[in-house]
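Next come the chains, spelled out residue by residue.
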There are 2 protein chains.
Amino acid sequence: MTAGGDIEALIQMMARLPGFGPRSARRAVLQLVRKRELLLMPLADLMQQVAVTVRECPRCGNICSGPLCDICLDPKRATGELCVVEDVADLWAMERGGAFKGRYHVLGGTLSALDNVGPEELRIPMLITRVEEEEIREVILALNANVEGQTTAHYIADQLEGQVRLTSLAQGVPVGGELDYLDDGTISAALRARREV
Amino acid sequence: MTAGGDIEALIQMMARLPGFGPRSARRAVLQLVRKRELLLMPLADLMQQVAVTVRECPRCGNICSGPLCDICLDPKRATGELCVVEDVADLWAMERGGAFKGRYHVLGGTLSALDNVGPEELRIPMLITRVEEEEIREVILALNANVEGQTTAHYIADQLEGQVRLTSLAQGVPVGGELDYLDDGTISAALRARREV
Ligand SMILES: [Zn+2]
Ligand SMILES: [Zn+2]
């Protein structure tokens, strides 16, 4: 230990964050220590505060610090469209896109017989209830384009069939995507969905 | 803002850490929120504690939480060798190497006329005093092998000449280093310092 107990412990805990390893955690901690007043103290305060106030929005599963999240509280977002995503990171990604004006439902994962994840673990019963109670016209299944995501999408579609319009995101080549870097499934899907130009 | 005030503020502050950008900061904050008890709360507590206790070792410039750092406190490290480094990251790198058994002197940067960094800003007067007072036999100049580092090394060598043995780290090809990836200066230096095999 070259850096003393607390600092070494801080480095080890930072190294557990995604995107960090021991080397980058050391660099980050040095930066924090150098900018004690400007960075370390405000960051420590913010973390304390978030640790106390953060919770899951009881309606949609987004994270928030009030009784409901900003999106559920915003009456302008009661468009009758509900976008179903696997986790909060996907919700944030959709929001960055800026194209979706409705509300979300965060499942918290995908169905998995192997991991004992059934519909009850995924807020799927709550989704059914919301569709009935919130005058939802369309459910957009924005799940990942892998086996787990698509299995979960099919299960939800079966549950909601006939009650609501069900859609999913279009598959294809990402904007600016180079074919070289795409997996074969994406290329095949884009080919099947090809259009006249 | 999709994530509420505090959480958004936390993401923005995390994004200022070296190695992090907005995307990785979002992922890290989500992970923190998901592991509130296991990660967010202990990390917030550790940061608070480090923010209160961290200081610069008044003797060598290492960071520590006591009156002197672990290395200055350890009597076994009074070997008469003093290793001069630019910053604490370099001290940690030397310690990971594990080969150096003496003590350190952290300059806190390099001399720079452009940025108005003179000897007084770099703990150089304190280095001269330590060499006189701590029975130092050898000063190892472990400064970076760039113009600033070498200018600073020459200045220090001038100040200490005749008082103490002065050495610097050997230059050459890093262990496991591929020549392809080295800059020309390193290759030239390694060639000039070549040995019989
Ligand atoms: Zn919500
Ligand atoms: Zn020290």
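Conventions we followed
Residues numbered from 1 in each chain as written. Chains lettered and ligands numbered in written order. Predicted model: local features only at pLDDT ≥ 70, side-chain atom pairs only at ≥ 80, totals over all residues. Heavy atoms only, no water. UniProt positions renumbered as here; feature names shortened; annotations may be inferred. Donors = N, O, S within 2.8 Å, 3.2 Å for Na, K, Ca; no water. Helix = DSSP H or I, 4+ residues; strand = E, 2+ residues; numbered from the N terminus. Buried < 20%, exposed > 50% of the residue type's maximum accessible area, 1.4 Å probe, protein only. Contact = heavy atoms within 4.5 Å. Buried area = accessible area lost by both parts, 1.4 Å probe. Salt bridge = Lys/Arg side-chain N within 4 Å of Asp/Glu carboxyl O. Polar contact = N/O pair within 3.5 Å; in protein donor to acceptor, adjacent residues only side chain to side chain. Expected span 1.5 Å × (residues − 1). Pairing = 2+ DSSP bridges. Axes fitted to C-alpha atoms, helices over the stretch in contact; angles between N-to-C directions.

As recorded in an unreviewed UniProt entry, chain A goes by Recombination protein RecR and comes from Pseudooceanicola albus. In the Sequence similarities (unreviewed entry) part of its UniProt record, chain A is described as follows: "Belongs to the RecR family."

Peer 1: Explain the coordination of the zinc ion (ligand 1) to me, and be specific about the residues and the numbers.
Peer 2: Residue and element names in this part refer to chain A. Coordination of the zinc ion (ligand 1) by the protein involves C57 (SG), C60 (SG), C69 (SG) and C72 (SG), with metal-donor separations of 2.3 to 2.4 Å. Mapped onto the sequence, the donors of the zinc ion (ligand 1) take the spacing C-x2-C-x8-C-x2-C. Highlighted residues: C57 in the loop between β1 (55-56) and β2 (63-64) and C72 in helix α4 (residues 70-73), separated in sequence by 15 residues. You can call C57 buried: its relative accessible area is 0%. With relative accessibility at 4%, the residue C72 sits in the buried group.

Peer 1: Residue-level account of the interface of chain A and chain B, with values.
Peer 2: Each partner contributes to the interface: chain A provides 50 residues, whereas chain B provides 51 residues. The contact between chain A and chain B buries some 5100 Å² in all, and 71% of this surface belongs to carbon and sulfur atoms. On the surface where chain A and chain B come into contact, there are 2 salt bridges. For the pair chain A and chain B, the interface holds 6 residue pairs in polar contact (both at pLDDT 80 or more). For the side of chain A that touches chain B, the elements supplying multiple residues, two or more each, are α1 (5-14), α2 (22-34), α3 (36-53), β2 and α5 (88-97) of chain A. Looking at the side of chain A that touches chain B, the element that brings in the most residues is α3 of chain A, giving 16 residues.

Peer 1: Before we move on, can you summarise α2 of chain A with the specific residues and values?
Peer 2: With 13 residues, α2 of chain A extends 18 Å from end C-alpha to end C-alpha; this agrees with the ideal 18 Å at 1.5 Å per step. Listed as buried for α2 of chain A are S24, A25, R26, A28, V29, L30, Q31, L32 and V33 of chain A. In this fold, the buried residues of α2 of chain A make contact with α1 and α3 of chain A together with α3 (36-53), β2 (63-64) and α5 (88-97) of chain B.

Peer 1: Go over the UniProt feature "domain: Toprim" (unreviewed entry) in chain A with me, naming the residues and quoting the values.
Peer 2: UniProt tags residues 80-174 of chain A as "domain: Toprim" (unreviewed entry). A helix fraction of 36% and a strand fraction of 18% characterise residues 80-174 of chain A, whose end C-alpha atoms lie 27 Å from each other.

Peer 1: Summarise the sheet that holds strand β3 (residues 81-85) of chain A; cite the residues concerned and give the values.
Peer 2: Residue and element names in this part refer to chain A. As summarised here, the arrangement of the 4 strands in space is β4-β3-β5-β6, forming an open sheet in which the pairing is parallel. The two strands at the open ends of the sheet, each matched to only one other strand, are β4 (103-106) and β6 (165-168). Pairs of neighbouring strands in the sheet enclose a mean axial angle of 25 degrees, with direction left out of account. When strand β5 (residues 138-141) meets β6, the two strands line up parallel, connected through 4 bridges. Counterpart to L141 in the pairing with β6 is S168. Packed on one face of the sheet, α5 meets β3 and β4 and runs near 160 degrees to β4. Of the strands in this sheet, β3, β5 and β6 touch helix α7 (residues 147-160), which is tilted by about 165 degrees from β5.

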